[in-house]
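Residue-level structure breakdown
Residues per chain are reported as follows:
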Amino acid sequence: MLGATGTIGRATARALMARGHSVACFVRPKAGVGGTMSADDIARMLPGAELRFGDVRNAASISRDGFKGERFDVLVSCLASRTGAPKDAWAIDHQAHVDVLAAAKAAGVTQVVLLSAICVQKPLLAFQHAKLAFEKELIDSGLTYSIVRPTAFFKSLSGQIERLKKGKPFLLFGDGTLTACKPISDADLADYLADCLDDPARHDRILPIGGPGEAINSRQIGECLFALMNRPPKFKQVPVALLDTIIGVLGTVGKVIPPLADKAELARIGRYYATESMLVWDAQAGRYDAAATPATGRDTLFDHCARLVRGDVTDERGDHAVF
Ligand SMILES: NC(=O)c1ccc[n+]([C@@H]2O[C@H](COP(=O)([O-])OP(=O)(O)OC[C@H]3O[C@@H](n4cnc5c(N)ncnc54)[C@H](OP(=O)(O)O)[C@@H]3O)[C@@H](O)[C@H]2O)c1
């Protein structure tokens, strides 16, 4: 398995082990957000999994330290660039996967389950093109594949709780109704990924998937959070045009100061999620279709937010958190 130290990866490793699979995780020795997780931390987080340490960006390490000349049945990947910056996305979402796929074939793997993203259906960003390029290579590989394209994760929607706790308003792009999604929990997505191994209906398919219930927009998420905090809603609208200005400035300055080019891509990613729904895109009708977006699981974002507000759980804030 790849990406077992990430948000969905760790839940997926547990779901696979709960189904009786032997799971070997190929990880780097300093993992987690900012590389703060040691080998011991990883072992504590993934009890029962076999850890193999190496570098997924190095084809020799993949074979030597990952597969170690042994036979495997299935490759499950939740590996993804932590930044979404173009260079990292092409190195991880595409090239690392291409190299692992070649090594996996040599190790006898006949089936691949890949965590992708629903947003690749309308690709505008570098990481989406990198993901799509590997999806195509996987489909053409002749191996049995399940390409799982989830909607929005809870951690990507709950990020404003700390702002609100400090009395700040909930930030909305436009009026907060521009986009909608069917949020899916880490555990429900992990179950869905793990069940791909034995469900023939999920083989050789691209699988968009959301969580249970109706699609919701940002304003509804904000209203829910204020209700949970027993406070009157307080919103601040951010014009999408502001993001366009930021993208323009960072893009221009980024031509001379490369790190700012990555910031420009981060702003582009923010703009994408501010204006595109995480639902199945109906190309013929030219609109997102909530009813056509398949759903799975039981966990709702609202229950999760209630637990966050009570302080019962925390979300891991990623390297590319927008709020
Ligand atoms: N956020 C959303 O709402 C959303 C919605 C739909 C789909 N998605 C898709 O879901 C995926 C992200 O899932 P996630 O949130 O679980 O990811 P995550 O928490 O950022 O974890 C990424 C995983 O990839 C590994 N990784 C990244 N760069 C690496 C490198 N250079 N070498 C070795 N390992 C590396 C990380 O390992 P380390 O711990 O060592 O860094 C980690 O295990 C992406 O494909 C994204 O497009 C996200």
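Nothing here was measured: the structure is a model prediction, and the numbers come from that model.

For the structure on display, the rule yields 17 salt bridges. One salt bridge connects glutamate 50 with arginine 52, and the closest N-O pair in it is separated by 2.9 Å. Under the relative-accessibility criterion, arginine 52 is labelled buried at 4%. In this structure, aspartate 312 engages arginine 310 in a salt bridge whose closest nitrogen and oxygen atoms are separated by 2.9 Å. Its relative accessible area of 55% is what places arginine 310 among the exposed residues. By sharing partners, the salt bridges in this structure join Arg19, Asp191 and Asp195 into a single network.

Okay, the sheet that holds strand S4 (residues 111-115) next. In space, the 4 strands of this open sheet follow the order S3-S4-S5-S8, with parallel pairing throughout. A single partner strand is all that each edge strand has here, and the edge strands are strand S3 (74-77) and strand S8 (205-209). In this sheet, adjacent strand axes meet at a mean angle of 10° when their direction is disregarded. Where S4 lies against strand S5 (residues 144-150), 5 bridges are found, and the strand directions are parallel. Counterpart to glutamine 111 in the pairing with S5 is threonine 144.

In the vicinity of the ligand, 27 residues are found, and the nearest of them are Thr5, Gly32, Arg82, Lys131 and Lys155. Taking arginine 28, its side chain carries an N or O atom lying 2.7 Å from an oxygen atom of the ligand. One nitrogen or oxygen atom from the main chain of glycine 32 is found 2.6 Å from an oxygen atom belonging to the ligand. For the ligand, whose accessible area on its own is 920 Å², the fraction buried by protein is 90%. Going through the elements one at a time, helix H1 (7-18) and helix H5 (126-140) are the ones with two or more residues in the shell around the ligand.

Definitions and cut-offs
Residues numbered from 1 in each chain as written. Predicted model: local features only at pLDDT ≥ 70, side-chain atom pairs only at ≥ 80, totals over all residues. Heavy atoms only, no water. Salt bridge = Lys/Arg side-chain N within 4 Å of Asp/Glu carboxyl O. Buried < 20%, exposed > 50% of the residue type's maximum accessible area, 1.4 Å probe, protein only. Pairing = 2+ DSSP bridges. Helix = DSSP H or I, 4+ residues; strand = E, 2+ residues; numbered from the N terminus. Axes fitted to C-alpha atoms, helices over the stretch in contact; angles between N-to-C directions. Near = heavy atom within 4 Å. Polar contact = N/O pair within 3.5 Å; in protein donor to acceptor, adjacent residues only side chain to side chain. Areas by Shrake-Rupley, 256 points an atom, 1.4 Å probe, with all protein chains shown as cover.

Keep in mind these values describe shape, not function.
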